[in-house]
Structures are given as C-alpha cells and as structure tokens.
Amino acid sequence: MTHGTSATARTERSASASKTYAAFLIIGLVLLIVAPAFFYPIFIMKLLCFALFACAFNLLLGYTGLLSFGHATFFGGAAYFTAHVVKEWGFSPELGILVGVVGAALLGLVMGYVAIRRQGIYFAMITLALSQMFFFFCLQAKFTHGEDGIQSVPRGHLFGFIDLNSSTNMYYFVLAVFLIGMVIIWRFINSPFGMILKSIRENEQRAISLGYSVARYKLGAFVMSAALAGLAGGTKALVFQFATLTDVAWQMSGEVILMTLLGGIGTLIGPIFGAGLVVTLQNYLATSQFPVTIVTGIVFMVCVLVFRRGLIGEFYASRLGRKLGFEHRR
Amino acid sequence: MTMIFGIPLQAFLGQLLIGLINGSFYALLSLGLAVIFGLLRVINFAHGAQYMLGAFAAMLMLDYLGINYWFALILGPIVVGLFGAVIERTMLSRLYKLDPLYGLLFTFGLALTIEGTFRYLYGSSGQPYAVPPQLAGGTNLGFMFLPIYRGWVVVVSLIACIGTWLLIEKTKLGSYLRAATENATLVQVFGVNVPLLLTLTYAIGAGLAAFAGVLAAPVYQVSPLMGSNIIIVVFAVVVVGGMGSIMGAIVTGYMLGIAEGLTKVFYPEASSIVIFVIMAIVLLIRPAGLFGRDA
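Note that the coordinates shown come from a computational prediction; the quantities given were computed from them, not determined experimentally.

Peer 1: Could you clarify how one ought to interpret the interface of chain A and chain B in this entry?
Peer 2: The parts lose accessible area when they come together, and the size of an interface is often stated as this lost area. On the chain B side, the residues contacting the 37 residues of chain A number 44 residues. A combined buried area of about 3,900 Å² lies between chain A and chain B, and 81% of that area is made up of carbon and sulfur atoms. There are 0 salt bridges connecting chain A and chain B. Linking chain A to chain B there are 2 residue pairs in polar contact (both at pLDDT 80 or more). Residue assignment for the side of chain A that touches chain B shows that the elements contributing at least two residues are helix H4 (93–115), helix H5 (120–140), helix H10 (250–263) and helix H12 (292–306) of chain A. Per-class residue counts for the side of chain A that touches chain B are 26 nonpolar, 8 polar and 3 charged.

Shown next as structure tokens:
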C-alpha cells in the first residue's frame, strides 16, 4: 500500500501527520468546550451522542470489515435499560449508563455469537433480522411501554452532587462521556487486539493460517462495538429524558451506516463529521415539509457511487491531506 | 365443532391459509433475491420497494387510466422491470467490481428514496384495492370457508415460482444465466453479451417483486411501508434457505410462512418474531442454511 516510500520518509510523514493531528485535536477540543456558548446545548449533545455511536459502529465496519445492520439494537436497547433503571429503580445517572453499557454488551454477545457464523453479506442480513426481532420484543415488552416509550426520565445528580438538570452541567458530562469513549476506541484500535482485527479485515484466510482464532476476535470486536454504542445510547436517553422505539428501529441502523460512510469508513474521526452532517441535515429538514428519508436515500446512493472514501478519507487522499502527512487506504 | 390440539379446526385452517399466503409472498420475493444474487452478487435491498411499486402501479393504473387488475398483473411487472433495468444500467453496474457490501448499501439508499417519495406523495396510511370481480366472494369447502382471491394467490404464486425455476433450469437463457453465475468471463468469451444478461436478470428480479406486489394489493393495504415491513422477514428467509438454490428459496418461503401462521394459532405473541427465531436456531445448528452450499 505504501509503494515506493522509504522507511525514513514514512516516519517523517507520520510524525508530521501526528503533529497535524495534535493541532486538530486541540482546536477540536477548544471548539467543543466553548460550543454551548454559540449553539443550542441539546443539539450539540445529540450530535456528540450520535458521533460516539458512529465511531463505535466504525470500530466494526472500518477496523474489522464487518457490516452490522443491527446496531440500533445496542443504541436503543441501552437507552431503554438506562431510562428504566434510572426512572423506575432510582439509579444514579452514572450507574444507569453503566447498566445500559452492560446490557448492550450482553445483547452484542448474543447477536454476535449467532451472526459471526456467516460472512459478508449474510452477516449484514442476519444482524438486520435479529435487530428487527429485538424491535418486536421492545414493541411488546411491558417495561418499554410500547408505542409511548419511557418518558420523563429524571437526569438526577452525577456522583450524588452534580445536578444534571442544569444544561451546562449536562453538556460537560456528555462531552466527558464522549471523550472517554473516543479514548477507549483510540486505545482499542492501536492495541495488539486492534492490529489483529485489521489483519482479519485485510485477509481473513491469512489471519486464520497465522493461528488466530478469527471468530473469537470478531466476537470481541462486536461486543466492544455494541458496548460503546450502548454508552452513546444510554447517554442519549438522559439527554432527551426519554427512550422510544425510534432508537431500536432499522432506520436507526441505516442512519449510523450513513454517518460512517459519509465521514469516512476506517478513519478515526470521520464518523464524527458524518454524524455532524447527518444530524444537522435532519434538524434542518425537520422544520420543512420535505421528508428526511428521500434526502438520506439520495445521499446514500451518491456516497456509494462516487464518494466511497467519505469526507475525511477524501481529505486524507487529497493533495493538501498528503502534504500534511496523512496516508490513505484503498 | 371439530377441535385440533385444543384449537377449533376453523381457526386452525384459517391461520394455515394466511400462513400459506404470506409464504407465497416470501417465496416469490426470496426467489427474486436469489436470482439477482446468483448472478450479480448484489443483495437487492430495494426488493421490498419494488414489491411496493408493483402494488402502487396496480392502484394508480386503476385510478388514473382505468386499467383493470388483469392488465396490471402484466403491465405492473413490466414497468417496474424497466425501471430496474434503468437503475442497473446507469448506477448499479458501476459497483460490481467492488465489495458486495456496496451493492447492499446502494440498494438500501434506493429503497429509502423510493419509499420516502411515495410517503411524501401518498401519505403513510394504506389504501384499499378492490378484489377483481371475477375472483370476489368465497366458496365453502365443507370444512372451511375459502375466499377465492386467497386461493388464487396461492395457486398463481406457485405457478410463478415453478415457472421461474423452469426458466432457469430448463431453457437456453437459463443455461446462459447459470453459466455466467459460474464463470462470467468465460461465458463472455463465448460471445454471450454478459452485461445485457446482468441487466435482464435485475429486471426479471424486480419484475418478480412487482408481480408479488400486484398480487398483494387486494390482500393487504397498498401502503408505502409495505415493502420495508416484508423485506427484513424475506432476508431471514433467505438466510435460512441459503441463496445457493432456487428451489431452496421457494420451499423455505412457504415453510416459514406456514410456521408463522401456526404460531399465530398457538402463541400469537411470538408470531412476529418466530421467523427470526427459526433463523437463529438454523444458524446455530447448520450455519450454511438449510439448502446452502457455501458458508
């Protein structure tokens, strides 16, 4: 993939890339910290939740090469779990989110265990079918309150003393959750485990021949991705103070794919931008008569046809991106 | 009253019939999916949308042009098939060289666009389509009451399934199709126009979906959402049957439709998920699917 570039040139390049990365990181952090002064806090919180969700999804599609069409189960499932334990059992917010994460991870374990038996296209269809099953479960189960959803979920006090009803406090809490999630993802993909996942993505047969138990690694990645999607979903339930069927429906699974595709599959920060675009677009269209579905569908088709690298992928591959020292795959 | 397993026979047979009808649609749709996948290596997510287009075509032709059910049954699939051919030629054909996942994502976007457009134009609620007068009413079979149209659906879809199977297994065109599935490059070397064959295959698949849609119009309500509701179930059917064999797709479709109908009799709460449960069980026991050759 790096034909012709000598080792030293590559180190220099990646050094300059990491410098650029650090610069962008600092700018991004500053922007996120001051953002509530300029934008409606709920909007940015929503954006952060979806960004984390998309990054969690990308862990699977971008770094393991598995297309899950059922990630709404983990996002929406965790939202239900968190909302239920916080509202009905009086759990504190941090404990509620933890319950959401664990619940999503368990759902991921079950779905992953069944789905990794088939590959590629079948994997996508199986995850879609299983998540539809979970949707029907949520439609009928008592604790989800069917079509009504779980409403007026209290935000409560973080660690017992930080009042999350203040939207400033809530915002910085969500930002902290988002950053923790991103650090976990970053550590994960740069760990030996993450490297093995990439090798599975590139050449599954070879990974098997090297003695790796591919199924177990895939399952590990699936559970990890589900848990992080759960982190995003549980947090979202506290932000909006409700959990509904929308979050477990297949459209949600499609949305997160679009965010990742639009931002750049297999790039660490691409899905954040993808999520930002999609959420902004939805907010913008929500006030007009024009249905979001048509726009989403067209963006999907255009992305697949001519824009497969996504925003960040295209940027990395552009002249400016290469000058800044980034490398692009594929 | 005759009872079977503690259930009135009438209710039992009624649900069995509904299961058989649902199964007919599952069979027709999974058959089309299998035909398209066999040659194009694309999972056609827009299959549900094309099914919905068929139903809408029938309804709109009746409302605006006064074309009756019988002509719609022929014209609907042709119109939707042509639409499919255009999509394949202009867009889908660019994706064959890529990972098959892109085909799935593209057709997913296509499905959203079509569905969204129809929701925008006609609203989300369903609209009725009258049963054609020749097939109205019902007949008493002695042990149960059979609405004629429902019997017609079962018979016609069975004929369509067997017809497609014969087309693929017994005709010259079918032999080209099967050969191209095995090795497209070699078939092209022999002078067969493979790109045309691909377009034709996609058009046939889309046409089959539309045919199912026209058949479904008098049974279910004609609604923009009818496609996405059924396509996910059909995916599960396809996973159970494995897409390797055409016959496998047909048999699995009917089997799962009946299983769903029977669940409605004995444990109604589970009827919406029973097909997914069966899929999970099959995957645990036989990962390649019931008729699948490759994992």
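Now that the structure has been shown, the text picks up again.
Peer 1: Before we go on, may I ask you to explain unusual backbone geometry in this structure?
Peer 2: In this model, Ser-152 of chain A sits at a positive phi of 40 degrees, which is unusual for a non-glycine residue. The topology assignment puts Ser-152 of chain A in the loop between H5 and strand S1 (157–158).

Peer 1: How should I be thinking about helix H9 (residues 214–240) of chain A in this particular structure?
Peer 2: In an α-helix, one full turn covers 3.6 residues, which means residues spaced three or four apart are oriented alike. Residues and elements named next belong to chain A. The end-to-end C-alpha separation of H9 is 39 Å, in line with the 39 Å expected for 27 residues at 1.5 Å each. Burial runs high along H9: 22 of the 27 residues are buried. At the exit of H9 stands Gln-241, carrying a positive phi of roughly 65 degrees.

Peer 1: Please explain helix H6 (residues 167–189) of chain A as it appears in this structure.
Peer 2: For H6 of chain A, built from 23 residues, the straight-helix expectation of 33 Å at 1.5 Å per residue is met to within 8% by its first-to-last C-alpha distance of 33 Å. Along H6 of chain A, the positions that sit buried rather than exposed are Met-170, Tyr-171, Phe-173, Val-174, Leu-175, Val-177, Phe-178, Gly-181, Met-182, Ile-185, Phe-188 and Ile-189 of chain A.

Peer 1: Even after reading the chapter, I still don't get the packing of helix H3 (residues 72–87) of chain A against H4 of chain A, so can you show me in this structure?
Peer 2: The axes of two packed helices give the description: the angle between them and the distance between them. All names here are of chain A. Following both chains from N to C, one finds H3 and H4 inclined at 140 degrees, their axes separated by 8 Å at the closest point. The angle between H3 and H4 falls in the class oblique. Seen from above, H3 lies across H4 with right-handed handedness. For the pair H3 and H4, contact is made by Thr-73, Phe-74, Ala-78, Phe-81, Thr-82, Val-85 and Val-86 and by Gly-96, Ile-97, Val-99, Gly-100, Gly-103, Ala-104, Leu-107, Gly-108 and Met-111, respectively. In terms of residue class, the contact of H3 with H4 is made up of 10 nonpolar, 6 polar and no charged.

About the thresholds
Residues numbered from 1 in each chain as written. Chains lettered and ligands numbered in written order. Predicted model: local features only at pLDDT ≥ 70, side-chain atom pairs only at ≥ 80, totals over all residues. Heavy atoms only, no water. Contact = heavy atoms within 4.5 Å. Buried area = accessible area lost by both parts, 1.4 Å probe. Salt bridge = Lys/Arg side-chain N within 4 Å of Asp/Glu carboxyl O. Polar contact = N/O pair within 3.5 Å; in protein donor to acceptor, adjacent residues only side chain to side chain. Helix = DSSP H or I, 4+ residues; strand = E, 2+ residues; numbered from the N terminus. Nonpolar A, V, L, I, M, F, W, Y, C, P; charged D, E, K, R; others polar. Expected span 1.5 Å × (residues − 1). Buried < 20%, exposed > 50% of the residue type's maximum accessible area, 1.4 Å probe, protein only. Axes fitted to C-alpha atoms, helices over the stretch in contact; angles between N-to-C directions. Parallel < 35°, antiparallel > 145°, perpendicular 65-115°, else oblique. Left-handed = near helix turned anticlockwise from the far one by under 90°.

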